[in-house]
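# A closer look at the structure
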Amino acid sequence: MKRSAVFVPALAAVLTLFSSFSATAQKRKINVQQEFARAGEQLTQLLKTHPDRTKFPYSTRPDGALKDTKSEWWTSGFFGSTLWYMYEYTKQPQWQQAADQWTVAMQQEQHNTGTHDLGFMLYCPFGNGYRLTQNPAYKPVLLTGAQSLATRFNPQVGLIKSWNDFAGYKYPVIIDNMMNLELLTWAARTSGDSTLRRLSITHADNTLKNHFRPDGSTFHVVCYDDKGQVLARKTAQGAADNSAWARGQAWAIYGYTMLYRETKLDRYRQQARKTADFFLNHPNLPADKIPYWDFNAPGIPKEERDASAAAIVASALLELQQYSPAADAKRYRQAAEQMLVSLSSPAYHATLGDNQNFLIKHCVAHKPAKTEVDAPLVYADYYYLEALLRYDRLK
Ligand code: GLY
């Protein structure tokens, strides 16, 4: 065969590939570099106005003042974790230094057995820090934290207990708890303690069995007896026991996507996809893809949005698309991109000096308790930057 007979089709294939790649690149709707530059300015201000590392930036008060928390609150690890994402993108040493300082400020929580939130509190800061720097000081904190979390698993029930008490029930488990399993699977892999992996799978399987409705949505709280029988299905932060609290759906989508990555058990991928489809196809999801705080909130459309749920889902979808057939993968990517476009727009993204220098506006922490309603939330910023990093990697 003449060389040109091979060369011409090969060249054509390369050109087609190149032109489809550049078309995709041109169609990108978010300038990740610009968004990280903007985040850097805001977080620099937040660091300046907030030097005390025993008070962790969380949200704002109704009068607009900054609201911070002690290290034992479930959100306290997110500030350091957000700084790790700044370091991951920019590679600038000042972000590493600040992230390390705010991470180390959480280390006493490794011994906290009174909360199920150690994944959020420790894996987000120390796990990201260890992934990015391999700092050997971070590893024992994570391993101790995983053992502390495992003390909340009762083998008779087959689940990690979330809260110590809820509405008179002694073994409540919330869907959010799925997020804490990543600390356990990491610790199992790192230490060789396979009990932690088995425990995660048991928790996830029982949650799969008891938390979900046939339409793919999840209850918020399932209350068990001490033998693992379901006593009640309820809500704490949602509009009603049988409603679909937006952030609960987000934790389910993210949690099962993450656990599919960790275990490769297909039932987790299927559940993530089913809940994602419930979320994305819901008639009450607005066109900008930022959900109301509850899909069944009684006053829709005059209800607050929860931008934190959108940030979590955007990040989750950008991972889930990797595990999905082509048509669905495209649908998930497009939905995530729309969420990021909205979150980066003036409608949801604060300007420098506004919003106490948190990045994202219009979140809801707990509407029934009237706390942090239409406010920034530190974890919205964290998952927003994570989603931007994942979006950036798509190219
Ligand atoms: N994990 C509590 C919340 O999502 O508000």
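Residues numbered from 1 in each chain as written. Predicted model: local features only at pLDDT ≥ 70, side-chain atom pairs only at ≥ 80, totals over all residues. Heavy atoms only, no water.

## Considering the layout of surface pockets
Empty space within the largest pocket amounts to approximately 660 Å³. Around the largest pocket, the lining is made up of 32 residues, and of these Arg131, Glu182, Arg261, Glu386 and Arg390 lie nearest the centre. For the lining of the largest pocket, the secondary structure elements donating two or more residues are helix 3 (78-90), helix 5 (118-133), helix 7 (181-191), helix 9 (246-263), helix 11 (307-320) and helix 13 (378-393). Top contributing element to the lining of the largest pocket by residue count: helix 5, with 8 residues. Residues that form the lining of the largest pocket fall into these classes: 16 nonpolar, 6 polar and 10 charged. (1 Å grid on protein atoms, 1.4 Å probe; cavity = no way out; pocket = protein on both sides within 12 Å on 5 of 7 lines; lining within 4 Å. Points joined across faces, edges and corners; volume = space filled by probe spheres on them. Helix = DSSP H or I, 4+ residues; strand = E, 2+ residues; numbered from the N terminus. Nonpolar A, V, L, I, M, F, W, Y, C, P; charged D, E, K, R; others polar.)

## Examining the pairing of strand 7 (residues 230-234)
Here 4 bridges tie strand 6 (residues 221-224) to strand 7, and the two strands are oriented antiparallel to one another. Bridge pairing links Tyr224 to Val230 in strand 7. If you look at the hairpin formed by strand 6 and strand 7, you'll find 5 residues sitting between the two strands, and Gly228 has a positive phi there, around 90°. (Pairing = 2+ DSSP bridges.)

## As for the side chain of Glu262
By secondary structure assignment, the location of Glu262 is in helix 9. Take Glu262: its relative accessible area is 14%, and that puts it in the buried class. Within the structure, Glu262 has its side chain in polar contact with the side chain of Arg189 (distance 2.7 Å). Dropping the residues within four chain positions of it, Glu262 is found in contact with Thr185, Trp186, Arg189 and Arg197. (Buried < 20%, exposed > 50% of the residue type's maximum accessible area, 1.4 Å probe, protein only. Polar contact = N/O pair within 3.5 Å; in protein donor to acceptor, adjacent residues only side chain to side chain. Contact = heavy atoms within 4.5 Å.)

## Examining the site of the ligand
Close to the ligand lie Trp74, Asp176, Gln237, Trp245, Arg247, Trp251 and Tyr379. In this structure, a nitrogen atom belonging to the ligand sits 2.7 Å away from a side-chain N or O atom of Asp176. In this structure, an oxygen atom belonging to the ligand sits 2.6 Å away from a side-chain N or O atom of Arg247. Relative to its unbound accessible area of 200 Å², the ligand is 93% covered by the protein chains. For the shell around the ligand, the class distribution of residues is 4 nonpolar, 1 polar and 2 charged. (Near = heavy atom within 4 Å. Areas by Shrake-Rupley, 256 points an atom, 1.4 Å probe, with all protein chains shown as cover.)

## Considering the pattern of salt bridges
Tallied over the entire structure, the rule returns 23 salt bridges. Among the ionic pairs, Lys170 bridges to Asp165, the shortest N-O distance being 3.5 Å. Note on Lys170: relative accessible area 52%, which makes it exposed. Note that Glu262 is salt-bridged to Arg189, the shortest N-O span being 2.7 Å. Placement of the pair is Glu262 in helix 9 and Arg189 in helix 7, with a sequence separation of 73 residues. You can call Arg189 exposed: its relative accessible area is 53%. Through salt bridges with shared partners, a single network forms among Glu182, Arg189, Arg261, Glu262, Glu319, Glu386 and Arg390. (Salt bridge = Lys/Arg side-chain N within 4 Å of Asp/Glu carboxyl O.)

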